[in-house]
Amino acid sequence: QQNDWVEKYAVFHILSGIHGTDNFHKWENEIDKHLFKLKDNGNVEAENRYNLIKERSNDEIEEYMFTQFIVDKQEKADKEERTKDGIKVIGDLLVGFSYADELIHENAFLPKWKIGAEYGGPCNSPQIWNNPMPDPNKLFNKDGSLGESGKLLYNKVKRAIENVENVRVDNVMGLVDPYVYNAETVHMINESHHGKTY
């Protein structure tokens, strides 16, 4: 049931190993930096690259996907046993998204814009979390159905509550009134202050 999205995250896992980091913004290969978006748009070079990674790393991809299957199976079995004993669990849901989410669903995010927190950093300055900013204009389509970023957020919450009885949302106000900043501007400030964030 989850094969399509799990495979994409498996390919991202392979790419992270190839480039030595999961921060795809630092990758030098421009095709890889936009692989999923380009592939979805019918770019032949991106499609060939995706298929080549799948072919050369098939065993590792299968292992990654099988591991996710086992974890999910164990979580469901755990919930079944807990239910018999009347034990309830609260899960933890971070409002932010990972580098994998950002690359695989590139169209769902605003380029260069990130989410942090207004207070709580050094000297109560903003917290620079580097979480990608979902595009608010893509939460809903004109007909009221979920847009690209809306679907991503919906699926994130849906998966988070699947095997627990309740969920604690980390920085829920970030959904209502997010602290948004331009990542390029913050990077320039950091560079000018020798890597210190103010």
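Described in the following lines is the structure provided in the data block. In this text the structure is predicted, and so the values were computed from the model without any measurement.

Some details on the nonpolar core
Nonpolar side chains tend toward joint burial in soluble globular proteins.
Turning to step 1, where the next piece is worked out: Counting residues in each nonpolar core, the largest one holds 21 residues, and the members touching the most others are Val 11, Phe 12, Leu 35 and Phe 36.
Turning to step 2, where the next piece is worked out: Those elements that provide at least two residues to this core are helix 1 (3–19), helix 3 (35–40), helix 4 (44–56), helix 5 (58–85) and helix 6 (99–104).
Turning to step 3, where the next piece is worked out: Once residues within four sequence positions are removed from consideration, Val 11 is found in contact with Leu 35, Phe 36, Tyr 50, Ile 53, Lys 54 and Ile 61.

Some remarks on unusual backbone geometry
For residues other than glycine, phi is negative in most cases, and the peptide bonds are mostly trans.
Turning to step 1, where the next piece is worked out: Positioned with a positive phi, Cys 123 is a non-glycine residue whose angle comes to about 55°.
Turning to step 2, where the next piece is worked out: Note that Cys 123 resides in the loop between strand 2 (109–117) and strand 3 (127–134).
Turning to step 3, where the next piece is worked out: Residue Cys 123 is classed as exposed on the basis of its relative accessible area, which comes to 83%.
Turning to step 4, where the next piece is worked out: Phi is positive for Asn 124, close to 60°, though the residue is something other than glycine.
Turning to step 5, where the next piece is worked out: Inspection of the secondary structure assignment puts Asn 124 in the loop between strand 2 and strand 3.
Turning to step 6, where the next piece is worked out: Take Asn 124: its relative accessible area is 49%, and that puts it in the partly exposed class.

Considering the environment of Glu 102
Turning to step 1, where the next piece is worked out: Its location among the elements puts Glu 102 in helix 6.
Turning to step 2, where the next piece is worked out: For Glu 102, a relative accessible area of 9% gives the class buried.
Turning to step 3, where the next piece is worked out: The sequence separation of Glu 102 and Gly 150 amounts to 48 residues, and the corresponding C-alpha distance is 14 Å.
Turning to step 4, where the next piece is worked out: Filtering out sequence-adjacent residues up to four positions away, Glu 102 remains in contact with Phe 24, His 25, Phe 109, Lys 114 and Pro 132.
Turning to step 5, where the next piece is worked out: Engagement of the side chain of Glu 102 in a polar contact is seen with the side chain of Lys 114, the distance being 3.1 Å.

Examining the layout of surface pockets
Rolled over the atoms, a probe sized like a water molecule indicates the empty space that remains.
Turning to step 1, where the next piece is worked out: Approximately 1200 Å³ is the volume attributed to the largest pocket.
Turning to step 2, where the next piece is worked out: The wall of the largest pocket is formed by 37 residues, among which Trp 5, Gln 68, Asp 72, Arg 159 and Glu 162 lie closest to the centre.
Turning to step 3, where the next piece is worked out: Of all the elements in the fold, those that place two or more residues in the lining of the largest pocket are helix 1, helix 5, strand 1 (90–94) and helix 7 (148–161).
Turning to step 4, where the next piece is worked out: In terms of residue count, helix 5 provides more of the lining of the largest pocket than any other element does, 12 residues in total.
Turning to step 5, where the next piece is worked out: Split into classes, the residues belonging to the lining of the largest pocket amount to 16 nonpolar, 9 polar and 12 charged.

As for the side chain of Lys 33
Turning to step 1, where the next piece is worked out: Locating Lys 33 in the fold gives a position in helix 2 (residues 30–33).
Turning to step 2, where the next piece is worked out: Those residues in contact with Lys 33 that sit more than four places away from it in its chain are Phe 24, His 25, Trp 27, Leu 103 and Glu 106.

Quick notes on the packing of helix 1 against helix 5
Turning to step 1, where the next piece is worked out: Look at helix 1 against helix 5: their axes get within 9 Å of each other, and the N-to-C directions meet at 125°. In terms of axis orientation, helix 1 runs oblique to helix 5. The chirality of how helix 1 crosses helix 5 is right-handed. Across the interface between the two elements, Asn 3, Val 6, Glu 7, Tyr 9, Ala 10, Val 11, His 13 and Ile 14 of helix 1 pack against Glu 60, Ile 61, Tyr 64, Met 65 and Gln 68 of helix 5.
Turning to step 2, where the next piece is worked out: Of the residues in the contact of helix 1 with helix 5, the class split is 8 nonpolar, 3 polar and 2 charged.

Let's talk about a negative patch on the surface
Turning to step 1, where the next piece is worked out: Residues Asp 59, Glu 60, Glu 62 and Glu 63 make up a contiguous surface patch of negative charge.
Turning to step 2, where the next piece is worked out: You can see Asp 59 is positioned in helix 5.

Looking at the environment of Thr 21
Turning to step 1, where the next piece is worked out: Within the secondary structure, Thr 21 is located in the loop between helix 1 and helix 2.
Turning to step 2, where the next piece is worked out: Residue Thr 21 is classed as partly exposed on the basis of its relative accessible area, which comes to 25%.
Turning to step 3, where the next piece is worked out: Setting aside residues no more than four positions away along its own chain, Thr 21 makes contact with Ser 16, Lys 26 and Trp 27.

Parameters and conventions
Residues numbered from 1 in each chain as written. Predicted model: local features only at pLDDT ≥ 70, side-chain atom pairs only at ≥ 80, totals over all residues. Heavy atoms only, no water. Core = buried A, V, L, I, M, F, W, Y, C linked by side-chain atoms within 4.5 Å. Buried < 20%, exposed > 50% of the residue type's maximum accessible area, 1.4 Å probe, protein only. Helix = DSSP H or I, 4+ residues; strand = E, 2+ residues; numbered from the N terminus. Contact = heavy atoms within 4.5 Å. Polar contact = N/O pair within 3.5 Å; in protein donor to acceptor, adjacent residues only side chain to side chain. 1 Å grid on protein atoms, 1.4 Å probe; cavity = no way out; pocket = protein on both sides within 12 Å on 5 of 7 lines; lining within 4 Å. Points joined across faces, edges and corners; volume = space filled by probe spheres on them. Nonpolar A, V, L, I, M, F, W, Y, C, P; charged D, E, K, R; others polar. Axes fitted to C-alpha atoms, helices over the stretch in contact; angles between N-to-C directions. Parallel < 35°, antiparallel > 145°, perpendicular 65-115°, else oblique. Left-handed = near helix turned anticlockwise from the far one by under 90°. Patch = residues over 30% accessible without salt bridge, like charges linked within 9 Å, V, L, I, M, F, W, Y side chains within 5 Å. Areas by Shrake-Rupley, 256 points an atom, 1.4 Å probe, with all protein chains shown as cover. Salt bridge = Lys/Arg side-chain N within 4 Å of Asp/Glu carboxyl O. Lys, Arg positive; Asp, Glu negative; His and termini not counted. Charge placed at Lys NZ, Arg CZ, Asp CG, Glu CD.

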